[in-house]
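Here is how the chains run, residue by residue.
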Amino acid sequence: MAKSTRDIAYNNGLQADITNTRQLVDAMQKRQDTANVHMNEVTRQNEAMNADLKQIGPAIAKVVKAQNHNSEILNKALINGFHIHTNEVTESVANEFKKLTGFTINEFLQNEIIKQININVYEAKKAKLSAIQAAQVTEEVLHKIALLIQRFISFISVLVLN
């Protein structure tokens, strides 16, 4: 059956519209696929970050809980005050000191003071000997100078008399 020109033209136009529509649908599908690929990457990153946050969350909660607990203890201590009994600590330190050195603290201090006094006495004796030696040397030098002056005076007297 022969188609009319109008039917042929209509069919050809319709065929062109369908082809054009297919091209548009294909382009939109490609655009959607590209967007999905990009969105899939963003989604993967978001899921990874979400997993990290789920792991970090409980750890942060423990740290915050511990800090709050420590803060409560510190606040109570600051409000109520705190007391330290030093007698036991002092005795413990003294006993440990005796174990380490073999001396009580008093004995150790006495020994150290006596050592230092002996060192000071020794240094003073050395200085005294040095001073005595310096005085002797000075005395000898002064005696030699006195002899020299006497000789000079007698030499001048001989010159004046002559």
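About the cut-offs
- As a convention, each chain's residues are numbered from 1 in the sequence order in which they are written.
- Thresholds applied to this predicted model are a pLDDT of at least 70 for local features of residues and 80 or more for the giving and counting of side-chain atom pairs; totals over whole chains, interfaces and linings are not thresholded and use all residues.
- The side-chain numbers reported here are obtained from all heavy atoms of the structure, hydrogens and water having been left aside.
- Only runs of H or I of at least four residues qualify as helices and only runs of E of at least two qualify as strands under DSSP, and these elements are numbered from the N terminus.
- Buried, partly exposed and exposed residues are distinguished by accessible area as a fraction of the type maximum, computed with a 1.4 Å probe on protein chains only: under 20%, between the cut-offs, and over 50%, respectively.
- Calculation of accessible area relied on Shrake-Rupley with a 1.4 Å probe; when residues are assessed, cover is drawn exclusively from the protein chains displayed.
- Salt-bridge detection follows one rule: a side-chain nitrogen of Lys or Arg within 4 Å of a carboxyl oxygen of Asp or Glu.

Could you give me a rundown of the overall build of the protein, with the residues and numbers involved?
For the protein, the helix and strand inventory stands at three helices and zero strands. Across the protein, helices and strands are ordered from the amino to the carboxyl terminus as α-α-α. Within the span of the protein, comprising 162 residues, buried residues form 0% of the whole. About 15200 Å² of surface is accessible on the protein, with carbon and sulfur atoms providing 62% of the total.

Lay out the pattern of salt bridges with the relevant residues and their values.
With the rule as written, the count across this model stands at one salt bridge. Here K115 makes a salt bridge to E112, at a shortest N to O gap of 3.0 Å. Here the residue K115 and the residue E112 both occupy positions in helix α3 (residues 105–161), the gap between them amounting to three residues, near one helical turn. We classify E112 as partly exposed; its relative accessible area is 34%.

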